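Observations on the three-dimensional arrangement
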Amino acid sequence: QIAHPKSYFIKTIKMKKLILLILVFLTLGVSCTKNPQQIQNQPNINPQTLPSWFNYELKDVSSGEEFTINDYKGKTILLESFAVWCPVSTRQDQETNKLHDELSDSFVSISIDTDPNEPGSKILEHIKRNEFNWIFSHSPAELTRLLIKEFGVEVVNAPMAPMILICPNQSYKMLEKDGIKSSSDLKQVLNTCK
């Protein structure tokens, strides 16, 4: 018996949707199971060709002071893209906090909120509630665009807890491990700058 063309068409569409859904889940599953050792690779960007986002003016929501990433030249920096609404971001910051407790001021943390709908007051409330004690700023739309152009849309995907390592010589790279990086993972990452 020959299937009705409309029925066949609907089944084909449903099958394509199912295959697409399976591929998405497989992709997410693979990206969430990367080995922590993958984050140990040396940064390999030439520090002589610094991108414009290094000099983009930001404002520390706690102090109100303006700064650029380039102001911290010569220091190891962990640059995090986060959102207040994301519990993964908060858990990542708790791990970063542990690292600050252990290593004190041997590195600089800068967390930028890349959600355009979260005002500075919400970020400040988040910092105080969780007792985070480093630089937090809101990312202007232009800076977010520059980061996406450089690293891809993953850099603003808060549930992936995206972080960028910037070494004292200003070489940099986005960490390959998706999701929460433990304080010991981050310590290994910092050591790749030495």
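Refer to the structure above for everything that follows.
Residues numbered from 1 in each chain as written. Predicted model: local features only at pLDDT ≥ 70, side-chain atom pairs only at ≥ 80, totals over all residues. Heavy atoms only, no water.

**Considerations on the pattern of salt bridges**
- Across all of its chains, the model carries 4 salt bridges by this definition.
- The closest approach of N and O atoms between Lys 98 and Glu 95, which form a salt bridge, is 3.0 Å. One end of the pair, Lys 98, and the other, Glu 95, are both in helix H2 (residues 87–103), 3 residues apart, so they sit about a helical turn from each other.
- Exposure remark for Lys 98: the relative accessible area of 44% places this residue in the partly exposed category.
- One salt bridge connects Arg 145 with Glu 142, and the closest N-O pair in it is separated by 2.7 Å. Here Arg 145 and its partner Glu 142 are both found in helix H4 (residues 141–151), 3 residues apart, which amounts to about one turn of the helix. (Salt bridge = Lys/Arg side-chain N within 4 Å of Asp/Glu carboxyl O. Helix = DSSP H or I, 4+ residues; strand = E, 2+ residues; numbered from the N terminus. Buried < 20%, exposed > 50% of the residue type's maximum accessible area, 1.4 Å probe, protein only.)

**As for empty space enclosed by the protein**
- Applying the stated criterion to the full structure yields 2 cavities of 30 Å³ or more.
- In this model, the largest cavity occupies a volume close to 40 Å³.
- In terms of lining, the largest cavity is formed by Glu 154, Met 160, Ala 161, Pro 162, Met 163, Met 174, Leu 175, Lys 177, Asp 178 and Lys 181.
- By residue class, the composition of the lining of the largest cavity is 6 nonpolar, no polar and 4 charged.
- Size it by volume and the second largest cavity reaches roughly 30 Å³.
- What lines the second largest cavity is Leu 79, Glu 80, Ser 81, Ile 112, Leu 147, Val 155, Pro 162, Met 163 and Ile 164. (1 Å grid on protein atoms, 1.4 Å probe; cavity = no way out; pocket = protein on both sides within 12 Å on 5 of 7 lines; lining within 4 Å. Points joined across faces, edges and corners; volume = space filled by probe spheres on them. Nonpolar A, V, L, I, M, F, W, Y, C, P; charged D, E, K, R; others polar.)

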